[in-house]
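Here is how the chains run, residue by residue.
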Amino acid sequence: MKTIEVRLPQEFDKSFIVFKEKGTYFPCPWHYHPEYELVLVLKSTGRRMVGDHIGYFEPGDLVCMGPYLPHVWVNDPIYSNGAADHEAEAIVIQFQADFLGADFLQIPEMENIKNVLGLASRGMAFTGKTKEKITALMTEMVDMNGIQRLSGLLSIFDILSRNKEYQLLASPGYIDSEPEGSDRLTKIKNHILTNFDQEITLSEIASMANMGVTTFCNFFKEQYRITFVEYLNTVRIGHACKLLSNEDINIVEVAFACGFNNLANFNRQFKKLKKMTPSDFRKMVNIQEVA
């Protein structure tokens, strides 16, 4: 199924959107939009897909997503079948990067939040005190107007700029780019993201970093907390998910387009990372059609 663009209505006298979603179940299909988005689930349970990430949501789930990142919240059958004793409910905040002017994110005070919004291109699920503080503000903002509401969003930015309590959701291979790191890491990362559909050997990538293979392996794992091969497979599987959800091509073609030289290895690595087969993932993307 093709990803579709879905937009929430914005009031003419508001610079950003605060919207309370309430109904038997969350109706929005697999979609994207040009705004940044914060989604706080108040009631109901189910599965959420953000890029190639699949997770389970429950009340209190809080996620931030960058522009054009496909996503969907699919309620458990008890909601979609109308058998739950309460409605599904969530608070959504959407804003564009320039909602306070083209240079807003370029001022010195916004440097840290700009970095966070860069990470949001992969989706961020928040935990701990960060989630508690933002949840309280979002709940209050539903009934706010004017300067109060704007102040609430700026307070959320302040919390995000100092936040370390999050999990990145979509894999690097699902998106076009990641926030820049050191020159050496950027060079390595760009080479992987550009050439993941071809064979990339350890000796080749270590040479690019001007290191021996063993030194490079230790360096890479220290920086990314996984091995080079695990990272490469994460990128490849992320791109595979993108093709499976947006392109009408068969699974064998997907495997070879992502750099796997045989279908068995592709299926094994896909199931290892996604806990399901490529066919099951493709079905899940289309689940909202029958929910």
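Source: prediction; values computed, not measured.

K.L.:
Can you walk me through the sheet that holds strand S4 (residues 36–43) in this structure?
P.N.:
Taken together, the six strands give an open sheet; going across it, the order is S2-S9-S4-S7-S10-S11, and neighbouring strands pair in antiparallel fashion. Either end of the sheet is taken by a strand with one partner, and the two such strands are strand S2 (17–23) and strand S11 (166–168). Here the strands of the sheet are splayed against their neighbours by 20° on average, with no regard to which way each runs. The pairing of S4 with strand S7 (residues 62–65) spans four bridges and is antiparallel. Bridged to Leu40 within S7 is Leu62. On top of the sheet, helix H4 (residues 146–161) reaches S2, S4, strand S9 (88–95) and strand S10 (124–126); it is set at about 85° to S9, its chief contact.

K.L.:
How should the packing of helix H2 (residues 111–119) against H4 be read in this particular structure?
P.N.:
Helix packing for two helices is described by the angle between their axes and how far apart those axes are. With their axes 8 Å apart at the nearest point, H2 and H4 run at an angle of 80° to one another. On the basis of the axis angle, H2 is roughly perpendicular to H4. Residues Asn112, Ile113 and Val116 of H2 pack against Phe157, Leu160 and Ser161 of H4. Of the residues that constitute the contact of H2 with H4, the class distribution is four nonpolar, two polar and no charged.

K.L.:
Looking at this structure, how should I read the side chain of Glu37?
P.N.:
Relative to the assigned elements, Glu37 resides in strand S4. Side chain to side chain, Glu37 and His33 meet in a polar contact 3.3 Å long. Non-local contacts of Glu37, meaning those with residues more than four positions away in its chain, are made with Val63, Cys64, Met65, His71, Val92, Ile93 and Gln94.

K.L.:
Explain helix H7 (residues 213–224) here, please?
P.N.:
Taking 1.5 Å of rise per residue, 12 residues should cover 16 Å, and H7 covers 16 Å from first to last C-alpha, within 8% of that figure. For H7, the set of buried residues is Phe216, Phe219 and Phe220. Within H7, the buried residues cover an arc of 100° as seen down the axis, which keeps them to one side. In H7, those exposed residues whose orientation departs by more than 90 degrees from the buried face are Thr214, Asn218 and Glu222. Among the residues trailing H7, Arg225 stands out with phi positive, at a value near 65°.

K.L.:
It is not clear to me how the packing of helix H3 (residues 128–141) against H4 should be interpreted in this structure. Could you clarify?
P.N.:
At a closest axis distance of 10 Å, the pairing of H3 and H4 adopts a crossing angle of 170°. In this view, H3 runs roughly antiparallel relative to H4, as classed from their interaxial angle. Only Arg149, Gly152, Leu153, Ser155, Ile156, Ile159 and Leu160 of H4 make contact with H3, whose side of the interface consists of Thr130, Lys133, Ile134, Leu137, Met138 and Met141. Classifying every residue of the contact of H3 with H4 gives eight nonpolar, three polar and two charged.

K.L.:
Would you explain the nonpolar core in this entry?
P.N.:
When a protein is soluble and globular, its nonpolar side chains tend to lie buried together. If you look at the biggest cluster of nonpolar residues, it comprises 37 residues, and the most contacted ones within it are Trp73, Phe266, Phe270 and Phe281. By residue number, the principal contributor to this core is helix H8 (residues 228–246), which donates five residues. Each of two domains, domain 1 (4–168) and domain 2 (184–287), supplies a minimum of three residues to this core. For Trp73, the contacting residues outside a window of four places in its chain are Phe26, Val39, Val41, Arg47, Arg48, Val50, Phe57, Asp61, Val63 and Met65. Counting 30 residues, the second largest nonpolar core, distinct from the first, contains Leu62, Cys64, Phe104 and Leu105.

K.L.:
How should the packing of aromatic side chains be read in this particular structure?
P.N.:
The geometry of an aromatic ring pair is captured by two quantities: the separation of the ring centres and the angle between the planes. Scanning the entire structure with this criterion turns up 15 aromatic pairs. Pairing Phe99 with Phe157 gives two aromatic rings, centres 6.5 Å apart and planes at 80°, and the pair type is edge-to-face. Within this pair, whereas Phe99 is found in the loop between S9 and H2, its partner Phe157 is found in helix H4, the two being separated by 58 residues in sequence. Residue class for Phe99 comes out buried when judged on its relative accessible area of 13%. Residues Phe216 and Phe228 carry aromatic rings whose centres are separated by 6.0 Å and whose planes lie at 65° to one another, so their mutual orientation is edge-to-face. Of this pair, Phe216 sits in helix H7 while Phe228 sits in helix H8, and the two are 12 residues apart along the sequence. Look at Phe216 and you get buried, because its relative accessible area is 0%. Three or more aromatic residues joined by ring pairs make a cluster, and in this case those are Phe16, Tyr36, Phe95, Phe99, Phe104 and Phe157. Here Arg149 stacks its cationic end above the ring of Phe16, 4.3 Å away from the centre of that ring. Stacked on the ring of Phe260, the Lys or Arg Arg236 has its end atom at 5.8 Å from the ring centre.

Definitions and cut-offs
- Residues numbered from 1 in each chain as written.
- Predicted model: local features only at pLDDT ≥ 70, side-chain atom pairs only at ≥ 80, totals over all residues.
- Heavy atoms only, no water.
- Pairing = 2+ DSSP bridges.
- Helix = DSSP H or I, 4+ residues; strand = E, 2+ residues; numbered from the N terminus.
- Axes fitted to C-alpha atoms, helices over the stretch in contact; angles between N-to-C directions.
- Contact = heavy atoms within 4.5 Å.
- Parallel < 35°, antiparallel > 145°, perpendicular 65-115°, else oblique.
- Nonpolar A, V, L, I, M, F, W, Y, C, P; charged D, E, K, R; others polar.
- Polar contact = N/O pair within 3.5 Å; in protein donor to acceptor, adjacent residues only side chain to side chain.
- Expected span 1.5 Å × (residues − 1).
- Buried < 20%, exposed > 50% of the residue type's maximum accessible area, 1.4 Å probe, protein only.
- Arc of directions from axis to C-beta.
- Core = buried A, V, L, I, M, F, W, Y, C linked by side-chain atoms within 4.5 Å.
- Domains from an automatic or database assignment.
- Phe/Tyr/Trp six-rings, centres within 6.5 Å; stacked < 30°, edge-to-face > 60°.
- Lys NZ or Arg CZ within 6 Å of the ring centre and 35° of its normal.

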